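Okay, here's what each chain looks like letter by letter:
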Amino acid sequence: MTSSAPQPSGLAALLKGRLIVSCQAPPGDPMRHTGTLVRMARAAQAGGAAAVRVNGPEVVAAAAAAVDLPVIGLWKDGGTGVYITPSVRHALAVVEAGAVVVAADATARPRPDGSTFTELVAAVHEAGALVMADVSTLGEGREAAAQGADFVSTTLSGYVPGSPRQTAPDLRLVTELAASVRTPVIAEGRIATPAQAADALAAGALSVVVGTAITAPTALTRRFVDELAG
Ligand SMILES: CC(=O)N[C@H](C=O)[C@@H](O)[C@H](O)[C@H](O)COP(=O)(O)O
């Protein structure tokens with residue numbers, strides 16, 4: 001890591017016990033608009049969030065300029081296999097755009113550029129940023145920690161074969177990771193209520209990422225509509 005790199009312990013202290021808001025919108029969604037996503041990030045800051053998580057170099061750069069919070073950046077590319085910051089090129093573009101932390105897929109699946117997660121970690125550290133490993137299982141989390149990830153997040157549990165499909169957050173994985181890695185654990189994925197966020201902290205998470213429940217009006221509307229339709 002270069003001397004200009006943020007220290008994992010310093011950022012961990014800032015995030016401890018607090019909320020990270022994921023401000024993203026899927027392709028085709030009316031909210032997928034940089035200015036709109038930046039306003040979500042500003043709203044997250046106004047509401048007391050500790051950090052924001054945003055997708056794509058353009059949004060990372062705009063959010064970094066607009067909010068006084070650490071920006072956790074990723075770059076989704078594709079919809080199958082490894083799509084969250086799938087290559088070293090994607091990771092470095094996110095750092096260049098102003099992310100303090102790069103979130104990247106750290107599952108045990110081949111990466112499209114043939115690189116390893118270890119290489120991505122080394123490149124991001126060399127560029128002066130930190131890495132959040134998005135994992136789906138305990139084994140992946142242990143491996144990512146061993147490869148130098150600064151944070152391990154449960155982001156991909158339920159979205160990768162081999163992890164339990166469920167509507168609830170995977171608090172079991174949070175508990176298991178917190179008990180077995182020294183790297184700070186972030187709870188992420190399907191956290192729908194403040195009570196679930198508190199439960200995630202009680203399970204051992206350093207911090208909690210919430211996306212859909214705060215920043216996805218299309219998906220939230222659909223839930224109500226589906227319930228009314230029976
Ligand atoms: C699986 C995947 O691609 N997750 C993405 C990761 O950046 C986002 O689409 C999620 O919204 C984010 O993880 C927060 O989760 P939730 O929206 O459930 O609170």
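Further up the page is the structure itself.
Note that the structure is a prediction, hence the values are computed from the model and not measured.

Student: What am I meant to see in the overall build of the protein here?
Tutor: When its secondary structure is counted, the protein shows 10 helices and 8 strands. Against the compact-globule benchmark of 17 Å for 230 residues, the protein has a radius of gyration of 16 Å, which places it among compact chains. Oriented by its inertia axes, the alpha-carbon framework of the protein measures out at about 50 × 35 × 35 Å. Per-residue burial for the protein yields a buried fraction of 49% across its 230 residues. Long-range contacts, defined here as pairs at least 24 residues apart, represent 60% of the contacts in the protein between residues at least 6 apart.

Student: Mind showing me how you'd approach the sheet that holds strand E5 (residues 130-134) here?
Tutor: What links the strands of a sheet is backbone hydrogen bonding, and the strands pair in either a parallel or an antiparallel sense. In spatial order, the strands read E1-E2-E3-E4-E5-E6-E7-E8; together these 8 strands close into a barrel with parallel pairing. Strand-to-strand, the axes of this sheet are offset by a mean angle of 25°, without reference to chain direction. Pairing of strand E1 (residues 18-23) with strand E2 (residues 51-55) involves 4 bridges; the strand directions are parallel. Looking at the pairing, Ser 22 lines up with Arg 53 of E2.

Student: So what exactly am I meant to see when it comes to the site of the ligand here?
Tutor: Around the ligand, a shell composed of 16 residues is seen, among which Ser 22, Tyr 159, Arg 190, Gly 211 and Thr 212 lie nearest. Of all elements in the fold, only strand E8 (207-210) and helix H9 (212-215) reach the threshold of two or more residues within the shell around the ligand.

Student: Mind showing me how you'd approach unusual backbone geometry here?
Tutor: The general pattern is negative phi for most residues beyond glycine and trans for most peptide bonds. Unlike most non-glycine residues, Thr 85 shows phi in positive territory, near 45°. Assignment of secondary structure puts Thr 85 in the loop between strand E3 (71-74) and helix H4 (88-97).

Student: Just to check I follow, could you spell out the nonpolar core for this structure?
Tutor: The nonpolar side chains of soluble globular proteins are, as a tendency, buried together. In this structure, Val 52, Ala 63 and Val 102 are the most contacted members of the largest nonpolar core, which totals 75 residues. Setting aside residues up to four positions removed in sequence, Ala 63 forms contacts with Val 38, Ala 41, Val 52, Val 54 and Val 71.

Student: Could you clarify how one ought to interpret the packing of helix H6 (residues 138-146) against helix H7 (residues 171-180) in this entry?
Tutor: When two helices pack together, their arrangement is given by the angle between their axes and by how far apart the axes lie. Running from N to C, H6 and H7 cross one another at 35°; their axes reach a closest spacing of 10 Å. Between H6 and H7 the crossing geometry is right-handed. Touching Leu 138, Gly 141 and Arg 142 of H6 are Leu 173, Glu 176, Leu 177 and Ser 180, all from H7.

Student: What's the story with the environment of Asp 77 in this structure? I'm lost.
Tutor: In this fold, Asp 77 is placed in the loop between E3 and H4. In sequence terms Asp 77 and Ala 65 are 12 residues apart; their C-alpha atoms lie 23 Å from each other.

Student: Please explain the pairing of E8 as it appears in this structure.
Tutor: For a regular strand, side chains alternate in direction, first toward one face of the sheet and then toward the other. Side-chain alternation along E8 places Ser 207 and Val 209 on one buried face and Val 208 and Val 210 on a second face that is also buried. Direction of pairing for strand E7 (residues 185-188) relative to E8: parallel, over a ladder of 3 bridges. Across the sheet, residue Ala 187 finds its bridge partner in E8, namely Val 208. Of the crossover connections in this fold, the one passing from E7 over helix H8 (residues 194-202) to the parallel E8 is right-handed.

What counts and how
Throughout this document, residue positions are counted from 1 along each chain, in the order its sequence is written. The predicted origin of the model limits local features to residues at a pLDDT of at least 70 and limits the giving and counting of side-chain atom pairs to 80 or more, whereas totals for whole chains, interfaces and linings rest on all residues. Only DSSP runs of H or I reaching four residues or more are called helices, and only runs of E reaching two or more are called strands; each is numbered from the N terminus. To get the radius of gyration, use the C-alpha atoms; to get the globule rule, take the number of residues to the power 0.38 and multiply by 2.2 Å. Residues with at least 20 neighbouring C-beta atoms inside 10 Å of their own are called buried, those with 12 or fewer are called exposed, and the rest are partly exposed, where every C-beta is derived from the backbone. Contact criterion: two residues are in contact if their C-beta atoms, reconstructed from the backbone, are within 7 Å. The pairing criterion is simple: DSSP has to find at least two bridges between the two strands. Under this scheme, a helix contributes an axis fitted over its contacting stretch, all axes are lines through C-alpha atoms, and angles between N-to-C directions fall in the 0 to 180 degree range. Here, nearness is defined through the C-beta atom: a residue counts as near a molecule or strand if that backbone-placed atom lies within 6 Å of it. We call a set of buried Ala, Val, Leu, Ile, Met, Phe, Trp, Tyr and Cys residues a nonpolar core when their C-beta atoms link them within 7 Å. Throughout, a crossing is termed right-handed when the near helix is turned clockwise from the far one, and left-handed when it is turned anticlockwise from it by less than a right angle. When the strands point away from the viewer, a crossover counts as right-handed if the path from the first strand over the helix to the second runs clockwise.

Note that all results are geometric; they support no functional claim without further evidence.
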